[in-house]
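Descriptive analysis of the structure
Letter by letter, the chains look like this.
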Amino acid sequence: MTIVGPVLGRLFKAVLTLLAIAILNFFLIHAAPGDPAAVLAGEAGAADEQMIADLRAQFGLDQPFYIQLGTYVGNVLTLDLGYSFRQGAPVLDLILDRLPATLILTLTAFGISLTLGIMLGVAASARVGKPADSLLTGFALIFYATPLYWAALMAVLVFSVQLGWLPGFGYETVGADYTGLQRVGDILSHLVLPALTLGLFFMAVYMRMTRASMLEVAQQDFVKTARAKGLSPSVIRRRHILRNALLPVVTLAGLQAGQLIGGAVLTETVFAWPGIGRLMFESLAARDYNTILGVFLVSAAMVILFNIVTDIVYGLIDPRIRHTA
Amino acid sequence: MTNPVLSIEHLSIKLPDGADRQFAVDDCSYTLDKGEILCVVGESGSGKSMTANALMGLLPEGVSVGAGRAVFEGKNILRQTEAESQDLRGAKIAMIFQEPMTALNPLMRIGDQISEVFEAHKRHTPSERRKRALDLVREVDLPDPEKIIRAYPFQLSGGQRQRAMIAMALALEPQILIADEPTTALDVTTQAQILKLILDLRKKRDMAVIFITHDFGVVAEIADKVLVMRYGKIVERGTTDAVLKTPQHDYTKHLLAAIPSGLVPQNAEVQNSPALEIKALNKVFRTGGGFMKPHREVRAIDNISLSIAKGEVLGLVGESGSGKSTLGRAVVRLVTPDSGQILVGGSDMAALSETELRRARYKVQMVFQDPYASLNPRHKILRALTDGPIAKAVPKEQARARAHELMEIVGLGADAVDRFPHEFSGGQRQRIGIARALAMDPDLIIADEAVSALDVSIQAQVLDLLRDLRSKLNLSILFITHDLRVAAQLCDRIAVMQKGKLVEIGPVSDVFLNPQDDYTKRLLAAVPGGGWGLAEAALT
Amino acid sequence: QTDGGRLDVVIQPEPPGLMLGLVQNGPTQMVAGQLYEGLLRYNSDLEPQPSLAKSWEIAEDGMTYTFHLNEGVTWHDGEPFTSADVLFTTEFLKDSHARFRASFSHVESIETPDDLTVVIHMKEPYGPFINAFETGSMPIVPKHIYEGTDYATNPMNATPIGTGPFKFKEWVKGSYIHLVKNDDYYLDGLPHLDEVYYRVVPDAAARAVAFETGEVDVLPGGAVENWDVKRLTEMEDVCSTSAGWEFFAPHAWMWLNNREGPTADKRFRQAVMFGLDREFVKDVVWNGFGTVPTGPVSTKTNFYSDDVPMYPHDPEKAKALLADMGYDGTPVRLLPLPYGETWQRWAEAVKQNLGEVGIVVEIESADVAGWNEKTANWDYDMAFTYLYQYGDPALGVSRNYTMSQIKKGSPWNNVEGYENPELDKKWDAAAVEPDLAKRAALYNEIQKEIVEDVPVAWLLEIEFPTIYRCNVKNLITTGVGLNNGLRDAWIEE
Amino acid sequence: MSFWKRFARNRGAVFGLVLLLAVIIIALIAPMIYPRGPWPMVQRPFLAPYAVDGLPLGTDTLGRNVAAGLVYGAQVSLLVGLISTVMALLIGVPLGAVAGFYGGWLDEGAMRFTEFFQTIPNFALAIVLVAILEPSLTSITLSIAIVSWPPVARLVRAEVMSVSKREYVDAARLAGLSNLRILVGQVLPNTVSPIIVMASLMVATAILLESSLSFLGLGDPNIMSWGYQIGAARTVIRSAWWLSFFPGLAIVLTVLALNLIGEGLNDALNPHLSRKGRT
Ligand SMILES: Nc1ncnc2c1ncn2[C@@H]1O[C@H](COP(=O)(O)OP(=O)(O)OP(=O)(O)O)[C@@H](O)[C@H]1O
Ligand SMILES: Nc1ncnc2c1ncn2[C@@H]1O[C@H](COP(=O)(O)OP(=O)(O)OP(=O)(O)O)[C@@H](O)[C@H]1O
Ligand SMILES: [Mg+2]
Ligand SMILES: [Mg+2]
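Definitions and limits used
- Within every chain, residues take consecutive numbers counted from 1 along the sequence as written.
- As they are written, the chains are lettered A onward and the ligands numbered 1 onward, keeping that order.
- Given that the model is predicted, a residue must reach a pLDDT of at least 70 before its local features are reported, and side-chain atom pairs must reach 80 or more before they are shown or counted; all residues, however, enter totals for whole chains, interfaces and linings.
- Heavy atoms throughout the structure, all of them, feed into the side-chain values; hydrogens and water do not.
- Classification of ring pairs rests on two measures: the distance between centres of Phe, Tyr or Trp rings, Trp counted by its six-membered ring, which must be within 6.5 Å, and the angle between planes, read as stacked under 30 degrees, edge-to-face over 60 and tilted in between.
- Numbering goes from the N terminus for both helices and strands, where a helix is a DSSP run of H or I of at least four residues and a strand is a run of E of at least two.
- Under the scheme applied here, a residue whose accessible area is under 20% of the maximum for its type counts as buried, over 50% as exposed, and between as partly exposed, the area being computed with a 1.4 Å probe on protein chains only.
- Note on criteria: charge over ring means Lys NZ or Arg CZ within 6 Å of the ring centre, with the direction from the centre no more than 35 degrees off the ring normal.
- Axes, fitted as lines to C-alpha atoms, cover a helix only where it is in contact. Angles between the N-to-C directions of the axes lie from 0 to 180 degrees.
- Working definition: roughly parallel below 35 degrees, roughly antiparallel above 145 degrees, roughly perpendicular at 65 to 115 degrees, and oblique for all remaining angles.
- The crossing is said to be left-handed when, going from far helix to near helix, the turn is anticlockwise and less than a right angle, and right-handed when the turn is clockwise.
- By definition in these notes, contact holds between two residues if any of their heavy atoms fall within 4.5 Å.
- The nonpolar class holds Ala, Val, Leu, Ile, Met, Phe, Trp, Tyr, Cys and Pro. Asp, Glu, Lys and Arg form the charged class, and all remaining residues, Gly among them, are polar.
- UniProt positions are given in the numbering used here, feature names are shortened, and annotations may be inferred rather than shown by experiment.
- Here a polar contact means two N or O atoms within 3.5 Å. Within protein one must be a hydrogen donor candidate and the other an acceptor candidate, and residues neighboring in sequence count only if both atoms are side-chain atoms.
- Only a single heavy atom is needed: when it lies within 4 Å of a molecule or strand, its residue is near that molecule or strand.
- For the accessible areas, the method is Shrake-Rupley and the probe is 1.4 Å, while residue cover comes only from the protein chains on display.

The next thing to look at is the packing of aromatic side chains. All chains considered together, the criterion is met by 60 aromatic pairs over all chains. An angle of 75° between the planes, with centres 5.4 Å apart, marks the rings of C:Trp346 and C:Phe384 as edge-to-face. One end of the pair, C:Trp346, is in helix H10 (residues 341-356); the other, C:Phe384, is in strand S16 (residues 382-387), and 38 residues separate them in sequence. Residue C:Trp346 shares its accessibility class with C:Phe384, and that shared class is buried. Between D:Phe113 and D:Phe117, the ring centres sit 5.2 Å apart and the planes meet at 70°, which makes this aromatic pair edge-to-face. A residue pair is termed a helical-turn pair when its members lie 3 or 4 positions apart in one helix, as D:Phe113 and D:Phe117 do in helix H4 (residues 104-119) at 4 residues. When its relative accessible area of 41% is taken as the criterion, D:Phe113 is described as partly exposed. Accessibility expressed as a relative area gives 14% for D:Phe117, which makes it buried. Looking at C:Lys173, its charged tip hangs above the ring of C:Trp171, at a distance of 4.6 Å from the centre.

Given below as structure tokens:
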């Protein structure tokens, strides 16, 4: 009962934020030089003013700016993201087509980075000061410092071209018409490289955070209490330290899950992954206003969603938030 | 003595290089008998906790046992493997700690934390563990046991948490319970309850207790034997009576002398005009709100009126959370009251604008509770002492000269102004805090728990200083404390607060010797170290 | 010859749509060229060949064109194809196809005496008119689907219906476009392939990898950076050809702003020409592909003449010209074409070259939209571009140099602002001159004069090698190459 | 005094500092090593490292000296990293400080604003900003600053809130100091350590961001940067690995150095002040 009110309030705030983002982006994107009509005409290799004017009229770009903005905001409020004249399809359809690929990629990368990061962080903290710890933290630092796209290029080079183990790009084997498990396997094999390269950086982040947090929590009084009970170090680490140490990691992960979508632009480009990151980048080049705005809105919505999920997870871990007397 | 449970022989504990001394504990020997309560007393840093930690095998990193043995059940428990220590901990020797707020895992239910002890030692089935945990919760007198074992630590008060800790420690019926300052963080009434609980359990279970404290009141209350430590050495030992009544070592004498006595001064009539008048003051805190958090309301000040005369010291006592600090802070308007008046020298602090307030505050200053948090670590003392006067338009040179002078007055020497706060001890900082308040030439000083964080001997010095200043400068002081003995020593009148209400106010001797309100009576009775009998002696 | 099989072709960038009547940009033409057809095709010598029209006649005076259509042609949805569709197409394209509009502005009227005949009456004789019927220039669109609808938002645009050898099957945005064989195609035995996948791979390096790992069989020209071409063609069983671009004859140059700044001075423009080491760029940046042009008309285009002033790499001459004009070192802005690394390197090479003769160059940066905006609004000093010539100077060349083509807002005309009324007259005369020899003479004069003026700095006749596996046969059979090549392609077992 | 000792105790941090100093020195003396700058085409293209004397890292696709590019790239990376970080601090610190110190609607407003920026994925926003402003050193730096200030604001706000509750701030209030003086003189100086630590990591992130933008073709074309070198070389990564390898390595090492320094600073600046002296 107590949960409904705040969640509604939160959703309301989220809607306001999204609306503000829509408006700001609208201004931003229209501030960019060029417009979709000119790009489209330009690509045809031969166009004249009449054609560009026709296209502008068709796209509604001949309207005064405030009317365009009004129409857009009105549309967004009715969950209509508009029509992509460039691609000749409703923006929502375009995005929904691409969203699954991005979600699969980012969620897998997120899952990998979080689990591996936490596991390695715990492992390193258990061996703090020993060579194994230095080795792990060293690797984490290197992953952290390596540019994502560079890692991606190298990964394709080694695993796809040289070794031929994994497909180097794409989302699935085109035209193979796999179904069921076979299809899942196929997608998975395509997923490995992009998810790993996208995940490595974040894994490094979570690992360092987990390690630091574990060491910090290990200093706290209740750990001493646990030791005084005669618990073994591994039980203490798992049951007492880890759970408390996870709290800051969860917060950070929640903040960064959204950023993964940003990082996906690079990964999707290098791996020809048909996700919304690439859609955004390509639409930007084409000044396909409605599509860029749509992608921004959807990714912002996902960030907000992630934040809400984070809060819920946080609540699950931390009873102080869950129970309030 | 026959057959001790534990005997410690020539124990030395080595500190890492660069610590303040080489040995935390230096060649200590003593024995502990069955069913005996041994109190270890001594100033902060004397090595009390280290001894206990060594016995548990819980010495912090870098600290190690240098020499000596501790024989328990025929074995030297100081030279065991980690696995052997684990078997011993919780099962044969249990320990409880000072800070109940942080000593429990905040994310785990109380019941689980208790049954975990059984699990660690592979006793009982899970369902039986649960049942036993419930029994234990009952045994330590926690209310509503069924609910408590399902509760999380944050849902319990400090006293309740300490009880939960004790339940955990008792789970496997250990032969020895080590209690490291288990009541220091609690208010007097709760402290009294916990002490009683330990005494009861000792009787029921016949276990030996090592009780670490720096409070001689507590010693008088529960100890069979006393051990006094200083700089890692045992300087005095004996039965409680012997040590308290006929101390042999100078240090013990010094410590005992520094204890605020229960002596209550005679009523000194104060007729001066008021320095501070509080009229019908109210303050309600509303907290919370936000995602998944309901609102909460606390009446911190509930319709309080009182006044302080010029040159008078008014003690404000009451247990933790009763609203003392809020009242003090409202006077200087660090807290803005909801309604009521605060008249300082005629002007109403509660109704001033930002700039008027700045001016008005020159007359009222505050000495803060925490000597560590109340000085900016990045500023030299000189700046702490001159910032205020300069803002008040005192010429720089004059402010500097005054700062030097004040440092002399509080006994730190004029040169000390060029040092940083971290170069001072707690007591010294507290004196700097007083100097800072004085630098503004106030009429009224609010001292919020100004001596609570200090060792008894230093506490005595600071109290002396305050008394001295009061008589020299004709200062009025609102002295906030939860320590009734301290209040009795310094104050002219006492005000007692409970849950935001003023329940009693009057001259010291009246309030202490003839309390009217029930709450005051309870508060007085709870002070460890045996009542106010001494006070009667003083009257005759 | 074997039938069947699947071909994977890289497509880059992903086309905005496949309805060729509405969108005519490069990738659209490449895919939709298999779906739609024009009345004619052109071989590599740019001679007309039958397509939807099986034969045609041009009247002696050049005023009437008669087309006889193939019989038994059906649209992909089974509807019959008739001359009414052709007539409808001329209406349709007027709104959406600038090049079509330009060439059909010389048309007086169109008649369809029967279902299989189309007669076009001209206002005046127009030499290049017979070159304007290829798929990309005039794709025939289905009347029964578009008549009476809003063309731009017709839902059928998503599932294009043409008469071509392949039918649209599926388009997974961001991934691939799937075409399948048109079993009812009117030419017996064609096409040979069962299906074609156009694969979207946004990164040039990934495209090279895709070819190497066997994921794709054909890399159209420009799909990989030139540095990769050499490596890929050295692989086993890999072939490459520069054929298939004759109709387009992409010609690259730098627009030099003739209106203002140092570039307004002819001596400066000439200095630029002398300063550029175009052979170096051809060899290093373009890996030896292409030809250094002598002027506005490509060697591949009709009426090319080499009787023009020459501009070899001669820094001394450049410096002398600059000294003569008194160039004061005012920096000039260079706007590269945002089409990938090759073009970026090219701009850097130009900057270096010009820097060596003392011209201070600042490279500006813009994406496609920004480039469009700046060039269309004449906000540049020097700007890269390349344009197609469509086989005839009147179609693809004159538009860049005549005053009537100075129109702000479009980047495909006389953007440099070159004004030469004398030459304008010659351009106009040449376009409508029915006598071939006279036409050639006119174009010779024009070329000689204009090269002297250097309105733009001609850089390179670009060659885009198509890379493919050698077992793919008959891939390129026309002057537009892959754009309608798959009709005849087959895969050797 | 003890700061340097504590910092020097962390061997990684010292290593990082040496590395970073090396990069800085190289960046500073670049014009002395290669007075003609990174652009001239000095030799045949695609020369492997040490194939020709004086070209230790070979030549690139146009025959330019890779080593020269690397050395000048250091200037760009450091410049972009530093300036964007300073700009982000200039936005984030005042905003966070005011929000944390004054609370109330100011706080609410500032935090909404921050949250708003955090809701748009960083990199995507940077891309859009650079595209709108058109790639140049200024626009890239500005965009990086715009996407990196929100965490600063949050950190500063949290720190200021916690420091404002300390009793010495109350003491300063009682001394009659104005709010601004308290904020600037008492509160902010006590929040610098975490800000410095964060800043060192932000420089690292900014360098990565610049290189990513450059890789996507959104770099300043007149400036030789590491990201540009990798982006330009990615198409020839198969035939000339050194063209993208060395700039990649340079980024890794520089970012690594900054991270190590950040960690060292963290250890040296925050030696658990709260615990000290109480036991
Ligand atoms: N982790 C540690 N590392 C180094 N020295 C320590 C450590 N913990 C405590 N010490 C030192 O050991 C000595 C004894 O400390 P101990 O904790 O036993 O004092 P205590 O008598 O319990 O004091 P308190 O009343 O303040 O709890 C002190 O000098 C202290 O500074
Ligand atoms: N800023 C605040 N916001 C909300 N509640 C507060 C605030 N300050 C104090 N309270 C609440 O007001 C009540 C009185 O607090 P106060 O600090 O005045 O007690 P106290 O008597 O000084 O206790 P102690 O002896 O522990 O210092 C407590 O319940 C406390 O939780
Ligand atoms: Mg202790
Ligand atoms: Mg208080």
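All names here are of chain A. Here helix H5 (residues 91-126) crosses helix H12 (residues 289-317) at 45°, and the two axes come no closer than 11 Å. It follows from the interaxial angle that H5 and H12 lie oblique. Between H5 and H12 lies a crossing whose hand is right-handed. Residues Val-91, Leu-94, Ile-95, Leu-99, Leu-103 and Leu-107 of H5 form the contact with H12, whose own contacting residues are Asn-290, Thr-291, Gly-294, Val-295, Val-298, Met-302 and Phe-306. In terms of residue class, the contact of H5 with H12 is made up of 10 nonpolar, 3 polar and no charged.

Let us look at the arrangement of the chains. Comparison of the 5 pairs of chains in contact shows the highest number of contacts for chains A and D. Separated without contact, chain B and chain C have their nearest C-alpha atoms at a distance of 40 Å.

Below, the discussion takes up the UniProt feature "domain: ABC transmembrane type-1" (unreviewed entry) in chain D. UniProt records the feature "domain: ABC transmembrane type-1" (unreviewed entry) at residues 74-262 of chain D, using the numbering of this structure. Span residues 74-262 of chain D is 83% helix and 0% strand, its end C-alpha atoms 19 Å apart.

We now examine the environment of C:His313. All names here are of chain C. Along the chain, His-313 falls in the loop between helix H8 (278-285) and helix H9 (315-325). Separated by 125 residues in sequence, His-313 and Asp-188 have C-alpha atoms that sit 54 Å apart. Residue contacts for His-313: discarding those within four places in its chain leaves Phe-274, Gly-275, Leu-276 and Asp-277. A polar atom in the side chain of His-313 sits 3.2 Å from the backbone oxygen of Gly-275.

With that settled, consider the site of ligand 2. All names here are of chain B. Near ligand 2, the surroundings consist of 13 residues, among which Ser-320, Gly-321, Lys-324, Ser-325 and Thr-326 are the closest. At 3.2 Å, a backbone N or O of Ser-322 approaches an oxygen atom of ligand 2. At 2.6 Å from an oxygen atom of ligand 2 is found a side-chain nitrogen or oxygen belonging to Ser-325. Protein chains shield 65% of the accessible area of ligand 2, which is 640 Å² for the free molecule. Mapped by element, the contributors of at least two residues to the shell around ligand 2 are strand S11 (274-288), strand S12 (295-309) and helix H11 (324-331). Per element, the largest residue contribution to the shell around ligand 2 is 3 residues, and it comes from H11. Here the residues of the shell around ligand 2 sort into 3 nonpolar, 7 polar and 3 charged.

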